[in-house]
Amino acid sequence: MATRNILKMGDPLLRKISKPVESFDFKLHQLLDDMEDTLHSVGGLGLAAPQVGILRRVCIVEYDEKLYELVNPVLIKSSGKCVDNEGCLSVPGFRGLVERPESIKVEYFDRNGKKHHQCAEGYFARVFLHEMDHLDGILFADKMIKKIIDDD
Ligand code: CO
């Protein structure tokens, strides 16, 4: 068990383009394990490697009690449009309404380098797209059409 520090908006590392993973090695497995521990320690639907300061194309999504480990994910199909609210562990204090595709297909590799495809719709698709945006230095706050301030 090891948790890592989550960078917050304003940190320049969150704005970098992450590099593809080339070695599906122990270091990658350790990163994924730590990201999972970190996500579980704070709660949330997903986490991307640049949020813990690692500029590699790695993210995790936890949805309907299933954990997806995405290495070098690529959006290969998308259709429709929908607007919903989202937040981010790196952007505390507010959420926002963001327009995203309704339906997507993503190609990615697992931690052992095996290729997979995943179709997703609605909020499940949104979480994938939000995490994949982090790999290109994009935060939901850049795309939001309306800001929603948290009440607490
Ligand atoms: Co985020």
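Data block above holds the structure.
Caption draft 1: Focus on the nonpolar core. With 16 residues, the main nonpolar core has Val 61, Tyr 68, Leu 70, Ile 104 and Phe 128 as its most contacted residues. Considering every element that reaches this core, the biggest residue donor is helix α2 (residues 122-134), with six residues. Excluding its chain neighbours within four sequence positions, the residues that come into contact with Tyr 68 are Cys 59, Ile 60, Val 61, Tyr 63, Tyr 108, Gln 118, Phe 124 and Phe 128. Among the nonpolar cores identified, the runner-up in size contains 13 residues, and Val 21, Met 35, Leu 47 and Val 58 belong to it.

Caption draft 2: Highlighting the sheet that holds strand β4 (residues 82-88). The antiparallel open sheet is built from three strands, whose spatial order is β4-β5-β8. Taken across any chain shown, the strands that pair with only one partner, and hence form the sheet edges, are β4 and β8 (146-149). Strand-to-strand twist across the sheet, computed as the mean angle between neighbouring axes with direction ignored, equals 25°. Note that β4 and strand β5 (residues 91-100) share six bridges and pair antiparallel. Within β5, the position partnered with Glu 86 by the bridge is Gly 96. Those strands touched by α2 are β4 and β5, and its axis lies near 55° from that of β4.

Procedures and definitions
- Within every chain, residues take consecutive numbers counted from 1 along the sequence as written.
- With the structure being a predicted model, the display of local features is reserved for residues of pLDDT at least 70 and the display and counting of side-chain atom pairs for 80 or more, all residues being used for whole-chain, interface and lining totals.
- Side-chain numbers come from the whole structure's heavy atoms, not from hydrogens or water.
- Note on terminology: a nonpolar core comprises buried Ala, Val, Leu, Ile, Met, Phe, Trp, Tyr and Cys residues joined through side-chain atoms within 4.5 Å.
- Accessibility here uses a 1.4 Å probe with only protein chains present; expressed as a share of the type maximum, an area under 20% marks a residue as buried, one over 50% as exposed, and anything in between as partly exposed.
- Helix and strand assignments follow DSSP, with helices taken as H or I runs no shorter than four residues and strands as E runs no shorter than two, numbered in order from the N terminus.
- The contact rule is simple, with two residues in contact once any of their heavy atoms fall within 4.5 Å.
- Two strands qualify as a pair provided DSSP detects at least 2 bridges between them.
- Note on geometry: axes are C-alpha line fits, over the in-contact stretch for helices, and angles between N-to-C directions span 0 to 180 degrees.

Geometric descriptors of this kind do not, in isolation, establish any biological role.
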